[in-house]
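Letter by letter, the chains look like this.
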Amino acid sequence: MRQYIIAGNWKMNMGISDAETLAKELVEKAGTSEGPEMVLCPTYLALAKVAEVIKGSNLKLGAQDAHWEDDGAYTGKVSVSMLKEAGVEYVILGHSEQRSFFGETDETVNKKVKKVLAAGLKAIVCVGETLEQRESGVTESVVKTQVEGAYAGISAEDAKNTVIAYEPVWAIGTGKTASNEQAQEVHAFIRGLMKGLYSEEVAESVRIQYGGSMKPGNAGDLLGQTDIDGGLIGGAALKADDFIGIINAGK
Ligand code: PEP
């Protein structure tokens, strides 16, 4: 039985003080909540503050990206060891915004996944097709390339420390959600890919989150699908009650 994982990607929202306020509200309202694993992914700058606020609660800390080198002349970047020191347990990698705005490729995702896993942290690997790709019928081949690229050279043991987030790009921040059937179809396809790459055991243990305009109103139905094991939440993670509504839908 896979435990649901609900992660809030706060993106470039919530500076230190707003992040502190939101994290405090979440601790008060859901800090002892049992059920889905809960992860908050604030901006780098707010990681230390959020770590302090959620200490001792059931909420966990995540980051939105990481660099693949240990240290050095990489202006603007943050290393995995720095994230670990800040208390991070999960790192989102390959988000579509990183891919479309900042030149992320399957190769850089793969290097980052390797670094995150080598440090003993867990990777949330994002994949998903654009609207154009869906309409031209290449969703499965796009997702296959992304999954195979991200997992190249990753052992089965390490793969178990990853989560995959299927995020159709056309559903991110648009208010358009994939239907339950559309989402389940791709999730099942991804699980099949993991079985082919590794084994039934790995495929059954890796959690596959859905991301793309998930909200309290649609979370229950999406999470009710056989191969949907949680959500990666953008907009709805910025309001405590909405995020908690999604967590409750997973109980
Ligand atoms: C995301 O960017 O990961 C995401 C799912 O955003 P939203 O929930 O706002 O669509």
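**Student:** Give a description of the overall build of the chain that names residues and reports values.
**Tutor:** Along the chain, the regular secondary structure elements total twelve helices and eight strands. Taking 2.2 N^0.38 as the reference for a compact globule, 251 residues should give roughly 18 Å; the C-alpha atoms of the chain span a radius of gyration of 17 Å, in line with that estimate. Burial analysis of the chain (251 residues in total) assigns 50% to the buried set. Of the roughly 11000 Å² of accessible surface on the chain, 51% is carried by carbon and sulfur atoms. A distance of 2 Å separates the average location of the 25 positive side-chain charges in the chain from that of its 35 negative side-chain charges.

**Student:** Quick one: what's the story with unusual backbone geometry, residue by residue and with numbers?
**Tutor:** One can expect most non-glycine residues to show negative phi and most peptide bonds to be in trans. With phi around 70 degrees, Met-14 is a residue other than glycine that occupies positive phi space. Look at Ser-213: it is not a glycine, yet its phi comes out positive at around 55 degrees. The topology assignment puts Ser-213 in the loop between strand E7 (207–211) and helix H11 (216–223).

**Student:** I'd like to hear about the confidence of the model for the chain, residue by residue, with values.
**Tutor:** Averaged over every residue, the pLDDT of the chain is 97; residues scoring 70 or more account for 100%. Averaged over each element, pLDDT in the chain is lowest for helix H6 (residues 131–135) (96) and highest for strand E4 (residues 90–93) (99).

**Student:** Summarise the sheet that holds strand E8 (residues 230–233); cite the residues concerned and give the values.
**Tutor:** Within the closed barrel, the eight strands sit side by side as E1-E2-E3-E4-E5-E6-E7-E8. Their pairing is parallel. Between one strand axis and the next, the sheet turns through 25 degrees on average, direction left out of account. In this sheet, E4 lies alongside strand E3 (residues 59–63) in parallel orientation, the contact comprising two bridges. Counterpart to Ala-63 in the pairing with E4 is Val-91.

**Student:** Help me get a handle on the site of the ligand, residues and values and all.
**Tutor:** Near the ligand, the surroundings consist of 14 residues, among which Lys-11, His-95, Glu-167, Gly-173 and Ser-213 are the closest. Between the ligand and the protein, one listed contact pairs an oxygen atom with a side-chain N or O atom of Glu-167 at 2.6 Å. Contact distances for the ligand include 2.7 Å between an oxygen atom and a backbone N or O atom of Ser-213. Out of a free accessible area of 290 Å², the ligand has 96% covered by protein chains.

**Student:** Could you give me a rundown of the pairing of E7, with the residues and numbers involved?
**Tutor:** With respect to burial, E7 is a largely interior element, five of its five residues being buried. Burial along E7 is two-sided: the residues Arg-207, Gln-209 and Gly-211 and Ile-208 and Tyr-210 are all buried. Relative to E7, strand E6 (residues 162–166) runs parallel, the two being bridged by four bridges. By the bridge assignment for E7, Ala-165 is matched with Gln-209. Across two bridges, the pairing between E7 and E8 is parallel. Paired with Gly-211 across the two strands is Leu-232, which belongs to E8.

**Student:** How would you summarise the pairing of E6 if you had to cite specific residues and measurements?
**Tutor:** Burial of E6 is extensive: five of the five residues sit out of reach of the surface. Of the two faces of E6, the one carrying Thr-162, Ile-164 and Tyr-166 and the one carrying Val-163 and Ala-165 are both buried. In this sheet, E6 lies alongside strand E5 (residues 122–127) in parallel orientation, the contact comprising five bridges. By the bridge assignment for E6, Val-125 is matched with Ile-164.

**Student:** Go over helix H5 (residues 106–118) with me, naming the residues and quoting the values.
**Tutor:** Side chains that are three or four residues apart share a direction in an α-helix, a result of its 3.6 residues per turn. For H5, built from 13 residues, the straight-helix expectation of 18 Å at 1.5 Å per residue is met to within 8% by its first-to-last C-alpha distance of 18 Å. Listed in full, the buried residues belonging to H5 are Thr-108, Val-109, Asn-110, Lys-112, Val-113, Val-116 and Leu-117. Once H5 ends, the next one or two residues include Gly-120, with phi positive near 85 degrees.

**Student:** Which residues make up the packing of aromatic side chains, and what are the values?
**Tutor:** Tallying each qualifying case throughout the model produces three aromatic pairs. Each ring, one from Tyr-151 and one from Tyr-198, has its centre 6.2 Å from the other, and the planes form 75 degrees; the classification is edge-to-face. Highlighted residues: Tyr-151 in the loop between helix H7 (139–150) and helix H8 (156–159) and Tyr-198 in the loop between helix H9 (180–197) and helix H10 (200–205), separated in sequence by 47 residues. For the pair Tyr-151 and Tyr-198, one class covers both residues: buried.

**Student:** Any details on the side chain of Asn-218? Residues and values, ideally.
**Tutor:** Looking at the element boundaries, Asn-218 is found in helix H11. Asn-218 sits in the buried class, given a relative accessible area of 15%. Not counting residues within four places of it along the chain, the set of residues in contact with Asn-218 comprises Thr-177 and Ser-213.

Rules behind the numbers
- Residues numbered from 1 in each chain as written.
- Predicted model: local features only at pLDDT ≥ 70, side-chain atom pairs only at ≥ 80, totals over all residues.
- Heavy atoms only, no water.
- Helix = DSSP H or I, 4+ residues; strand = E, 2+ residues; numbered from the N terminus.
- Rg over C-alpha atoms; globule rule 2.2 N^0.38 Å.
- Buried < 20%, exposed > 50% of the residue type's maximum accessible area, 1.4 Å probe, protein only.
- Areas by Shrake-Rupley, 256 points an atom, 1.4 Å probe, with all protein chains shown as cover.
- Lys, Arg positive; Asp, Glu negative; His and termini not counted.
- Charge placed at Lys NZ, Arg CZ, Asp CG, Glu CD.
- pLDDT = per-residue confidence, 0-100.
- Pairing = 2+ DSSP bridges.
- Axes fitted to C-alpha atoms, helices over the stretch in contact; angles between N-to-C directions.
- Near = heavy atom within 4 Å.
- Polar contact = N/O pair within 3.5 Å; in protein donor to acceptor, adjacent residues only side chain to side chain.
- Expected span 1.5 Å × (residues − 1).
- Phe/Tyr/Trp six-rings, centres within 6.5 Å; stacked < 30°, edge-to-face > 60°.
- Contact = heavy atoms within 4.5 Å.

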